[in-house]
Amino acid sequence: MRSRETRITVPPDYDFGAALAFLRASPSAVLESIEGETYRRAWQTERGAELVSVAWSASRARPQLRVRVEGPRVDARALGEAVDKVRHTFSLNVDAAGFQELAEMDPIIMRLVCDGLHARPVLIADPFESLVWAIIGQQVGVGFARTLRSALVQIAGHEAVFGSSRFPVMPDARTLADIEEEPLRAAHFSRAKIRALHIAAQAVTTQALDWRSLVVMPPAEAMAALTRFPGIGPWTAGMVLMRGLGVRSIWPAADLGLRRALAYALGASVPLTETDARALAAPWAGWEAWVAFFAWRSLSRRRAGP
């Protein structure tokens, strides 16, 4: 087993601890492992399974994250890919100054952000994974969605062993395109979800769905490109663009959790209507997805209590 390690410099005010806290509570984080103050995640690559570890390594003068990758054929390319994934996952490719200035002037955002002004959205590094997770999360509660995600990984994925630890590995699109229906039905997947997963996986394997094209499209065009596939509606497409591709100008106003969080920030007990949620976001153009992230984070923190 080989390994390579590097350090990446981050903004002095970056709150890595807030990112780890979000992942500990996230129903989507079934593949990530948070051990103390270290993030670990196994990926399947053309070189074999690789384990990426990220930990805080900073002095007052040079705040950094230590990135380590392990695997059977780890080389400089593997380390570069790991760094790219880390920077994307933790939104480190974005200059957050504009959001922080907006938040400091907007009382609603400040209520959502609370004490996390220097936190950043945590994304899903692989867009296909974000699509699978979004399809699974359609019209079900967050707890059941987590159960289904874990079941899918157990049925179609595999485990990678590093030292004395085992890490689950996400199944790729080709595997899901060919997966049998019976084991998924036994794990309580609906036929509609299974069909949507098959269609999505086939679209990726045939390159009918191309992530590089999507990320450079105007958001409306990208939404249309995704929703032309059966089983991918506006909510699912929005989740993929926001959490998988890091598109900031997406506002999922139909999401009930988002509308509930906005109501709490406004001191109301009834979730906002979709129309009201859309109107409220007008001053946040260009940062809507970041506001949505902090809204969902505020709900998680509210459930956790003081």
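The structure we're discussing is the one just above.
On a predicted model such as this, the values are computed, not experimentally measured, just so you know.

Criteria and cut-off values
- Residues numbered from 1 in each chain as written.
- Predicted model: local features only at pLDDT ≥ 70, side-chain atom pairs only at ≥ 80, totals over all residues.
- Heavy atoms only, no water.
- Salt bridge = Lys/Arg side-chain N within 4 Å of Asp/Glu carboxyl O.
- Buried < 20%, exposed > 50% of the residue type's maximum accessible area, 1.4 Å probe, protein only.
- Helix = DSSP H or I, 4+ residues; strand = E, 2+ residues; numbered from the N terminus.
- Polar contact = N/O pair within 3.5 Å; in protein donor to acceptor, adjacent residues only side chain to side chain.
- Contact = heavy atoms within 4.5 Å.
- Core = buried A, V, L, I, M, F, W, Y, C linked by side-chain atoms within 4.5 Å.

A. Focus on the pattern of salt bridges. Tallied over the entire structure, the rule returns 15 salt bridges. Glu32 is paired through a salt bridge with Arg41; the nearest N and O atoms lie 3.7 Å apart. Pair check on accessibility: Glu32 and Arg41 agree, each one buried. Among the charged side chains, a network of salt bridges with common partners joins Glu5, Arg7, Arg66, Arg68 and Glu70.

B. Region of interest: the side chain of His198. Within the secondary structure, His198 sits in helix H9 (residues 191-205). Looking at His198, its side chain comes within polar contact range of the main-chain oxygen of Ile179, at 2.8 Å. Once residues within four sequence positions are removed from consideration, His198 is found in contact with Leu176, Ala177 and Ile179.

C. Main features of unusual backbone geometry. Residues other than glycine seldom take positive phi values, yet Ser91 does so here, at roughly 55 degrees. Turning to its location among the elements, Ser91 is positioned in the loop between helix H2 (76-89) and helix H3 (97-105). Residue Gln207 is not a glycine yet carries a positive backbone phi of 65 degrees. Among the structural elements, Gln207 can be located in the loop between H9 and helix H10 (211-216). A relative accessible area of 63% places Gln207 in the exposed class.

D. Up close: the nonpolar core. Within the largest apolar cluster, 108 residues are counted, with the highest numbers of intra-cluster contacts made by Trp133, Phe189, Trp211, Trp251 and Trp284. Looking at this core, the element that brings in the most residues is helix H15 (residues 288-304), giving 9 residues. Those residues in contact with Trp211 that lie beyond four places of it in its chain are Pro127, Phe128, Leu131, Val204, Leu226, Val240 and Leu245. Counting 7 residues, the second-largest nonpolar core is a separate cluster that includes Ala42, Ala49, Leu51 and Ala160.

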